[in-house]
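An overview of the molecular structure
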Amino acid sequence: MNAPRHPTGVDFGADEAEMQRYQAEGLERAMNLGNRGPIRFIGEGALHPDIVEAYWRCGFYVFDGVLKPDELADIEADVNALRTRFPTHRGAELDAQGRPAMGVNNQAPTLFWSKPLGDPFGGTNAAAGRHPVKMSEPKAAADAPEEIVYLTLGSLQFSEACLRVYGHPEVLGVAAAINGDDFVPFNEALFLKEPGLGASVAWHRDGVTHWDDPAWDQGSHGFNFMAQLYGCTPANGVWVLPGTHKLNQVDIAGMCAAAGSDRLPDAVPMVCAPGDVVISNRQVVHGSFANTSPDWRVTVNFGFHRRRSVLGVAGGGIHNAPTIYDAERIRRRARMIGYGIDARRQRFPDEKPFAYKPHVESGETWTWDDAARADVHDYNLEDLSI
Ligand SMILES: O=C(O)CCC(=O)C(=O)O
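Below you will find a few notes about this structure. (Residues numbered from 1 in each chain as written. Predicted model: local features only at pLDDT ≥ 70, side-chain atom pairs only at ≥ 80, totals over all residues.)

1. Some remarks on the site of the ligand
Applied cut-off: For each residue, a C-beta atom is positioned from the backbone; the residue is called near a molecule or strand if that atom sits within 6 Å of it. Helix and strand assignments come from DSSP, with helices taken as H or I runs of at least 4 residues and strands as E runs of at least 2, each series counted from the N terminus. Just so you know the grouping, Ala, Val, Leu, Ile, Met, Phe, Trp, Tyr, Cys and Pro go in nonpolar, Asp, Glu, Lys and Arg go in charged, and all remaining residues, Gly too, go in polar.
Around the ligand, the neighbouring residues are F191, V201, D206, N224, V238, H286, S288, T299 and N301. Elements with a minimum of two residues in the shell around the ligand: β13 (285-288) and β14 (297-305). Residue composition of the shell around the ligand, grouped by class: three nonpolar, five polar and one charged.

Pasting the structure below:
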């Protein structure tokens, strides 16, 4: 999969040289972490201990070459089609072809807009104020659009290729190995980081419910998978402060103040080839810079939790209405795993489908068909957001 390149003519201005140095040094640190390689299982579903060790040591691990070219081509086709369906501007009802635009009939949060190269969340109270510091916002080109869509939530209802990634047997095997066979969904997103336009995501860590829990540990708020369509570079990828998922308290504002900028000294970029899938602990400090580079990043992002982190817990209220997550709520939300597995079985019939233990035990089966397509409208109203 060749990533489309678009020279942008924009950069970080007076900070550009410092940014280039930071990226080169970060890349070197990243390549020395020892947290990348193919997915490897030993025995019945256990992840190779080297992977488990490196994931828990660093807070992320890069799995090489998980998605193959045919699957990447499907994702690319879906993403291209989906982008034609965005509203012409924030609040518009129609897309550029005059069709009812994507998201206009959704109640759940769907499309997120930013000014080009902007940072919509940093330094605001949005999302429980978890992005305390605004990132640098380079000046966009004079002909850039006023706003762009950089994030889509509830993405599995808009892209069957993304739904099929969600049902990937080895990826779900990793979820079971890390979060237990009864792992449960979190949410799903598509991050679009367009050359010369893509917004930053300010330094933050996810998770709003378990920090004061006496049973809190490094895995309490689960993880996200980040599957890369075109790969990612230090310029457009997510950066991570390795090991911070183990800390109960961090002071992101203090770290930026000490660094004198948003370039946190010990951070490393996730660097991936097309088809790589990162597992990233939600508690690790992470963020991404505005994309002034010529390279696209498209991330198919989907998270999972331990069941015990969610059952009976009052949801954090960031992604949908706060409520207590009971067994029925979890059962309903986990149907997306069943649909993903079946959608994948239909497209890749030679692959052994993943057996999701809660469905095996309950005997429930999920078929991806037209009724299911209708059923998943606004499914993310029921995200398990902790
Ligand atoms: O993809 C990005 O730029 C940010 C991802 C992120 O913050 C997350 O998955 O929590």
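2. Concerning the sheet that holds strand β5 (residues 111-114)
For the record, the criterion: A pair of strands counts as paired when DSSP detects no fewer than two bridges linking them.
What the eight strands build is an open sheet, ordered β1-β4-β12-β9-β14-β7-β6-β5; its pairing is mixed. Each of the sheet's edge strands pairs with one partner strand only, and the pair in question is β1 (36-37) and β5. Note: strand β7 (residues 184-193) against β14, eight bridges, orientation antiparallel. Its bridge partner lying in β14, F191 is registered against T299.

3. Some details on unusual backbone geometry
Test applied: Around each residue's C-beta, the other C-beta atoms within 10 Å are counted; 20 or more make the residue buried, 12 or fewer make it exposed, and counts in between make it partly exposed. All C-beta atoms are placed from the backbone.
Of note, L117 is a non-glycine position whose phi angle comes to about 60°, a positive value. With respect to the secondary-structure elements, L117 resides in the loop between β5 and α4 (126-129). Look at L117 and you get buried, because 27 C-beta atoms sit within 10 Å. For D378, which is not a glycine, the phi torsion comes out positive at approximately 65°. Its location among the elements puts D378 in the segment after α11 (370-375).

4. Concerning the sheet that holds β13
Across the sheet, which stays open at both edges, the four strands sit in the order β8-β13-β10-β11 with antiparallel pairing between neighbours. Each edge of the open sheet is held by one strand with a lone partner, namely β8 (201-204) and β11 (268-269). Alignment of β8 against β13, held across two bridges, turns out to be antiparallel. Bridged to H204 within β13 is H286.

5. Let's talk about the nonpolar core
The criterion, for reference: The term nonpolar core refers to a set of buried Ala, Val, Leu, Ile, Met, Phe, Trp, Tyr and Cys residues connected through C-beta atoms within 7 Å.
Counting residues in hydrophobic clusters, the biggest one holds 96 residues, and the most contacted among them are C162, V240, V277 and V278. A total of six residues in this core trace back to one element, the largest contributor, which is β7.

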